[in-house]
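# Overview (structure and organization)
So you can see what is in the structure, the chains are spelled out below.
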Amino acid sequence: MKLKKTFIVHNTGSESLLVPTGGAGFSGLVRGNETMGAILSLLKEDITEEAVVSAMAAKYDAPEERIARDVKKVLSELRNIGALDE
């Protein structure tokens, strides 16, 4: 899976923004924290959910079960707005 090219990621430092372009089929702005920004950054390239969880576990000191749950939640929200190519 990978983030569709019709979405642009912008990091302000304290938060991450996911901005749709005209062809995205979604109008709005998605705001998230640093963790969501890290996930979005990984989704710039084709990657599996398991690989996202592994990369996040290597970056953050948290139980892998919690990381997996958080990644699943973010990916679910991205699917709901049509932001992922799968």
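One structure accompanies this document, and this report is about it. The shown structure was predicted, so the numbers you read here are calculated from the model rather than taken from an experiment.

### Some remarks on the pairing of strand S3 (residues 16-20)
Summarising burial for S3: 4 of the 5 residues are buried, a large majority. Strand direction decides the pairing type here: strand S2 (residues 7-11) and S3, joined by 5 bridges, are antiparallel. Across the sheet, residue Asn11 finds its bridge partner in S3, namely Ser16. The antiparallel hairpin formed by S2 and S3 contains 4 residues in its connecting segment, where Gly13 sits at a positive phi of about 110°.

### Concerning the side chain of Ser16
Mapping Ser16 onto the fold places it in strand S3. Ignoring any residue separated from it by four or fewer positions in sequence, one finds Ser16 in contact with His10, Asn11, Val30, Arg31, Gly32, Asn33, Met36 and Gly37.

### Section: helix H2 (residues 49-59)
Owing to its 3.6 residues per turn, the α-helix aligns residues three or four sequence positions apart on the same side. When H2 is considered as a whole, its buried residues turn out to be Glu49, Val52, Val53 and Met56. Looking down the long axis of H2, one finds its buried residues gathered within 100° of arc, a one-sided arrangement. Exposed positions of H2 whose direction lies more than 90 degrees from the buried face are Glu50 and Ala58. Those residues of H2 hidden inside the fold are in contact with helix H1 (34-42) and helix H3 (64-80).

Conventions and cut-offs
- Numbering of residues starts from 1 in every chain and runs along the sequence as written.
- Totals for whole chains, interfaces and linings use every residue, but because this is a predicted model, local features are given only for residues with pLDDT of at least 70 and side-chain atom pairs only at 80 or more, for both listing and counting.
- Here the side-chain values reflect all heavy atoms present in the structure, with hydrogen atoms and water set aside.
- Residue exposure (1.4 Å probe, protein chains only): buried if accessible area is under 20% of the type maximum, exposed if over 50%, otherwise partly exposed.
- Going along the chain from the N terminus, every DSSP run of H or I of four or more residues is numbered as a helix, and every run of E of two or more is numbered as a strand.
- Strands qualify as paired when DSSP identifies two bridges or more between them.
- In this description, contact between two residues means that some pair of their heavy atoms is separated by no more than 4.5 Å.
- Directions drawn from the helix axis to the C-beta atoms are what define this arc.

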